[in-house]
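Architecture and fold: a report
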Amino acid sequence: MFSPRFHSEQRRHLLRAATAFPAGLLLASCGGGGSGGGSSGPFPPAPPTSTGAKVTDRRIRVAPDVSLHVRDWQSDRLGGTTFVLLPGFGATAAHFNSLAPALAQRGRAIAISCRGFGQSDKPLPDATHPYDTDTLVHDVHEVLEALGIGRIVLAGHSIAGNQVTRFAGRYPERVRGLVYLDTNFDYTTATPDGSKEGESDNPALTEPSPTDADNASVAAAIAFNKRINQSWSAPMEADLLDKLQVNADGSVQNNTPAEVMAAMYKAARRFSPDYRPLRTPALALTTLPGDRQHMFPWLPARIDAGTEKDASDMLQIFQAARTKDAAQLLAALPPGSLQKTFQPANHTDFFIAHEAEVLGLIDAMAWR
């Protein structure tokens with residue numbers, strides 16, 4: 001049965017992409033910190049809880065036979081900023097169920113489940129139903145057109161950073177600001193065949209796959225995902241539920257066809273972003289694990305010495321590679337861009353766990 005662990009797929013993809021640098025280019029491990037410019041911006045701070053924003057779930061047609069699930073949070077602040085949030089590989093609009101209503105206090109926040117995932121339509125890939133970055137960007141543009149939305153702050157998590165870059169280059173007049181939520185500078189730097197270059201071959205460091213028992217029910221799938229993630233939250237659970245198909249016997253499986261998953265993954269890995277057309281400052285947020293429990297949360301507290309060393313080695317390689325990648329991304333972004341590293345933090349949920357700080361950094365951006 002196809003695994004429901006899309007969060008784990010994101011984590012594995014980031015690991016492979018980040019560790020694909022030549023060994024001689026890796027830097028020594030270092031901690032978090034910020035760099036780049038940034039000044040007090042036009043958005044007054046807003047509390048991250050009790051937002052009062054109302055959400056409407058919409059289905060918006062972006063192609064003759066493709067409609068997307070869009071979550072639309074609006075507050076009573078008319079004329080404020082509109083934020084558009086794009087989830088990472090395999091994730092859905094529900095992943096932003098905490099961040100989006102907080103952002104909506106600044107005006108409006110829209111989260112989009114891209115074609116192929118969650119409650120959006122899932123046509124099998126062919127010549128008329130591609131899953132390349134340009135198609136996904138066109139879908140975002142069609143959503144904005146349907147809702148009559150003008151300029152936006154566009155944010156993308158993980159591999160959705162590809163869409164952020166491409167959209168900003170193609171539609172510069174629609175972009176007020178950009179937010180990269182722990183994305184890579186260029187995903188084509190990962191090994192093209194998806195092999196585990198840079199990863200340890202210690203089987204203990206391989207993420208567990210769900211058993212039939214783990215897929216026996218919705219409750220079992222939730223319990224499994226809790227075990228393999230260091231933390232769990234309501235948005236993560238809502239995101240998981242959006243991606244599950246419940247069968248007649250109560251068992252579950254992913255509601256995304258394997259062909260769709262493969263097509264989108266391969267297309268995203270072939271896309272090399274061009275940052276030169278970007279004109280608006282960007283906020284680039286990076287995460288670094290603090291210890292092996294952040295990176296390999298399924299490992300028990302006590303492990304053998306060999307596994308401890310292998311995990312420590314991988315942690316240092318990953319931290320060094322991600323630090324280098326974040327510097328490359330910042331160097332490619334327009335003047336006035338800001339980079340901030342969160343450590344310790346998890347790729348999957350840092351904008352949930354560190355929501356107040358993420359909101360503060362967004363508020364500080366000099367977007368006009």
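Structure's up top.
First, a word on what this report is: a plain description of the structure on this page.

About the criteria used
Residues numbered from 1 in each chain as written. Predicted model: local features only at pLDDT ≥ 70, side-chain atom pairs only at ≥ 80, totals over all residues. Heavy atoms only, no water. Helix = DSSP H or I, 4+ residues; strand = E, 2+ residues; numbered from the N terminus. Buried < 20%, exposed > 50% of the residue type's maximum accessible area, 1.4 Å probe, protein only. Contact = heavy atoms within 4.5 Å. Areas by Shrake-Rupley, 256 points an atom, 1.4 Å probe, with all protein chains shown as cover. Pairing = 2+ DSSP bridges. Right-handed = clockwise from strand over helix to strand, strands pointing away. Polar contact = N/O pair within 3.5 Å; in protein donor to acceptor, adjacent residues only side chain to side chain. Axes fitted to C-alpha atoms, helices over the stretch in contact; angles between N-to-C directions. Parallel < 35°, antiparallel > 145°, perpendicular 65-115°, else oblique. Left-handed = near helix turned anticlockwise from the far one by under 90°. Nonpolar A, V, L, I, M, F, W, Y, C, P; charged D, E, K, R; others polar. Phe/Tyr/Trp six-rings, centres within 6.5 Å; stacked < 30°, edge-to-face > 60°.

So, about the overall build of the protein chain. Helix and strand content of the protein chain: 11 helices and 11 strands. Here the protein chain, with 368 residues, has 57% of them falling under the buried criterion. Counting contacts in the protein chain only where the partners sit at least 6 residues apart, residues at least 24 apart contribute 79% of the total. Surface exposure of the protein chain reaches about 14,300 Å², of which carbon and sulfur atoms provide 53%.

Burial analysis of strand E4 (residues 81-86) places six of its six residues in the buried class, which makes it a mostly covered element. Side chains of E4 alternate between two faces, with Thr81, Phe83 and Leu85 and Thr82, Val84 and Leu86 buried alike. Where E4 lies against strand E5 (residues 107-113), five bridges are found, and the strand directions are parallel. Its bridge partner being in E5, leucine 85 is matched across the sheet by alanine 111. Chirality of the crossover, the property in question, places the unit of E4, helix H2 (residues 99-104) and E5 among those that are right-handed. Both E4 and strand E6 (residues 152-157) contribute to a ladder of four bridges, which runs parallel.

As a further point, take the side chain of threonine 256. Within the secondary structure, threonine 256 sits in the loop between strand E9 (252-254) and helix H7 (258-270). By relative accessible area, threonine 256 is classed as buried at 3%. Among the polar contacts listed, one links the side chain of threonine 256 to the backbone oxygen of glycine 116, at a separation of 2.7 Å.

We now examine the packing of helix H3 (residues 133-147) against helix H4 (residues 161-170). Where H3 contacts H4, the two axes come as close as 9 Å, and the packing angle between them is 65°. By the angle class used here, H3 and H4 are roughly perpendicular. When you trace H3 past H4, the crossing you get is right-handed. Across the interface between the two elements, Thr133, Asp134, Leu136, Val137, Val140, His141 and Leu144 of H3 pack against Asn162, Gln163, Arg166, Phe167 and Arg170 of H4. Residues belonging to the contact of H3 with H4 are distributed by class as follows: five nonpolar, four polar and three charged.

This part is about the packing of aromatic side chains. Throughout the structure, instances matching the rule amount to nine aromatic pairs. Ring centres of phenylalanine 185 and tyrosine 275 lie 5.4 Å apart, and the angle between their planes is 10°; this geometry places the pair in the stacked category. Residue phenylalanine 185 is found in the loop between strand E7 (175-181) and helix H5 (218-228), and its partner tyrosine 275 is found in the loop between H7 and strand E10 (282-287); the two are separated by 90 residues along the sequence. For tyrosine 275, a relative accessible area of 7% corresponds to the buried category. Ring geometry for phenylalanine 296 against tryptophan 298: centres 5.7 Å apart, planes inclined by 80°, an arrangement best described as edge-to-face.

By themselves, these figures tell us nothing about what the structure is for.
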